[in-house]
Amino acid sequence: MPSRAAEQKPPSSVPVASVIQHVRVARLVGLRGCLPGLRQPAALVDFQLMEPASNEAVQVCNRIAENAFGDLPTLPPFPEFARRPDLEFVVRAAWALLQKARWPLFDPLAILRPSALAEDRVRLVFPSLHDRTQGIRLALNVAVKLLHDVAAQSAEENAAVANLKAQVKDVRAYAPSGMNTLNFLEAAHAQGIPWARVAKNVYQYGWGAKGRWLHSSFTEATPAIAANIARDKRLTSIVLRRAGLPVPEHLNVTTVDEALEAAEKLGYPIVVKPADLDGGVGVFTFLEGSAAVRDAFTAASRFSANLIVQKQIVGEDYRLQVFNGEVFWATHRKPAGVTGDGTN
């Protein structure tokens, strides 16, 4: 997405006034270190303020953002926001979008007022991921464009709400992936443990000789061989079976006909799922009959070409977390379901 709203060519039906800019991201720089008083890597953002947007336009923008994200965050009471409600909207909407995208916003928004800063500029400090600032830039660009579109009366509210919701996925692509990493980062921040992004989803916690690298819940002590085997359900079954542990029967399949043949051989109910994915992606359970197997095979094939048909096992599901040879956490996992009388 272009970083300047003026680069967006307006539709021919929109009046010339639509090219007027009100707020522009003039400069965005990621810092690898932390600024005084802050404990998280930061991004410096310079906003250029031009002709103020009308209060009516800002009210519409806030309504659109609230319909998309719920209650917008409360920002620090900077005088700059009181003077320019359109700037406050841009920052609030971008912050809400980052929150929805699971961006690590542990430090509060801060402001810098260097004497050399031009009168039409405001410099804010966003919590960031060292030099990985694309998520912040994208969120700000989305908010700026919405402001300009609404001010130019070229935005339909329902479409604008849908567009904001759709942008969450794009911003999330730059945030820590998975569910574990952000929780670890937040816990480290709360305990005063410094952290830094190393590469992709690998983060370092602590500095120097005591620093440790984590990739989600994988630590430096996680055996690479075991991890690689665990990513393949077929290999995992072989290893567990050889260790004397019971595992459900499964058959590898590459076509619908093979899946149907495997289901008849194993006996219903059966499960169709990818052999090389986790997190429940592409898994279809309690399948009965050829029609259900056909549909499940087609759907699972969208996620992976390596599929297995497995005998359905009924029972309780527990997940154990082990660290240094000791179980420190156990989870009883219950499948999602709805209980009702068919009416209420």
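Placed above this text is the structure.
Residues numbered from 1 in each chain as written. Predicted model: local features only at pLDDT ≥ 70, side-chain atom pairs only at ≥ 80, totals over all residues. Heavy atoms only, no water.

S.K.: Looking at this structure, I do not really get the sheet that holds strand β12 (residues 307-311). What am I missing?
M.R.: Pairing between the strands of a sheet comes from backbone hydrogen bonds, and it takes one of two forms, parallel or antiparallel. Read across the sheet, four strands follow the order β9-β12-β10-β11 without closing on themselves; strand pairing throughout is antiparallel. The open sheet has two edge strands, β9 (250-253) and β11 (284-287), and neither has a second partner. Each strand axis lies, on average, 20° off the axis of its neighbour in the sheet, ignoring direction. Here four bridges tie β9 to β12, and the two strands are oriented antiparallel to one another. Looking across to β12, one finds that L251 is bridged to V309. The strands touched by helix α9 (residues 256-266) are β9, β10 (270-274) and β12; relative to β9, the strand with the most contacts, the crossing angle is about 170°. (Pairing = 2+ DSSP bridges. Helix = DSSP H or I, 4+ residues; strand = E, 2+ residues; numbered from the N terminus. Axes fitted to C-alpha atoms, helices over the stretch in contact; angles between N-to-C directions. Contact = heavy atoms within 4.5 Å.)

S.K.: Looking at this structure, how should I read the pairing of strand β7 (residues 212-215)?
M.R.: For a regular strand, side-chain orientation follows a simple rule: the groups alternate between the two sheet faces. Strand direction decides the pairing type here: strand β6 (residues 202-205) and β7, joined by four bridges, are antiparallel. By the bridge assignment, Y205 is partnered in β7 with R212. Of the strand pairs in this sheet, β7 and strand β8 (residues 218-219) are connected by two bridges, and their pairing is antiparallel. Residue pairing for β8: L214 is matched across the bridge by T219.

S.K.: What am I meant to see in α9 here?
M.R.: Structurally, the α-helix is built with 3.6 residues per turn, so residues lying three or four positions apart point the same way. Within the span of α9, buried status applies to A259, L260, A262, A263 and L266. Relative to the axis of α9, the buried residues are bounded by an arc of 160° and lie together on one face. Exposed and oriented more than 90 degrees from the buried face of α9 are D257, E261, E264 and K265. Each element contacted by the buried residues of α9 is listed here: β9, β10, α10 (290-301) and β12. (Buried < 20%, exposed > 50% of the residue type's maximum accessible area, 1.4 Å probe, protein only. Arc of directions from axis to C-beta.)

S.K.: I'm lost on the sheet that holds β7 in this one. Help?
M.R.: Pairing is antiparallel across the open sheet formed by four strands, whose spatial order is β5-β6-β7-β8. The open sheet has two free edges, formed respectively by β5 (195-199) and β8, since each of these has just one partner strand. Packing of helix α6 (residues 180-190) onto the sheet brings it into contact with β5, β6 and β7, and relative to β6 it is tilted by some 15°.

S.K.: What is the right way to look at the packing of helix α1 (residues 55-69) against helix α5 (residues 157-172) in this model?
M.R.: Describing two packed helices takes the angle between their axes plus the distance from one axis to the other. Relative orientation of the contacting elements α1 and α5 amounts to 50°, with a least axis distance of 9 Å. By the angle between their axes, α1 is oblique relative to α5. Both α1 and α5 take part in a crossing whose hand is right-handed. Contacts from V60, R63, I64, A65, N67, A68 and F69 of α1 reach α5 at E157, A160, V161, L164, K165 and V168. The residue makeup of the contact of α1 with α5, split by class, is nine nonpolar, one polar and three charged. (Parallel < 35°, antiparallel > 145°, perpendicular 65-115°, else oblique. Left-handed = near helix turned anticlockwise from the far one by under 90°. Nonpolar A, V, L, I, M, F, W, Y, C, P; charged D, E, K, R; others polar.)

S.K.: Is there a simple way to think about the pattern of salt bridges in this case?
M.R.: Pairing is possible between side chains of opposite charge, provided their charged atoms come close. Within the structure shown, the criterion is met by ten salt bridges. A salt bridge links D120 to R121; the nearest nitrogen and oxygen atoms lie 3.9 Å apart. In this structure D120 comes out as partly exposed when scored by relative accessible area, which is 28%. On the basis of relative accessible area, R121 is assigned to the partly exposed category, the value being 27%. Ionic pairing is found between R333 and D317, a salt bridge with its closest N-O pair at 4.0 Å. On the criterion of sequence distance, the pair formed by R333 in strand β14 (residues 326-333) and D317 in strand β13 (residues 317-323) is long-range, its members being 16 residues apart. Given the relative accessible area of 38%, R333 is considered partly exposed. (Salt bridge = Lys/Arg side-chain N within 4 Å of Asp/Glu carboxyl O.)

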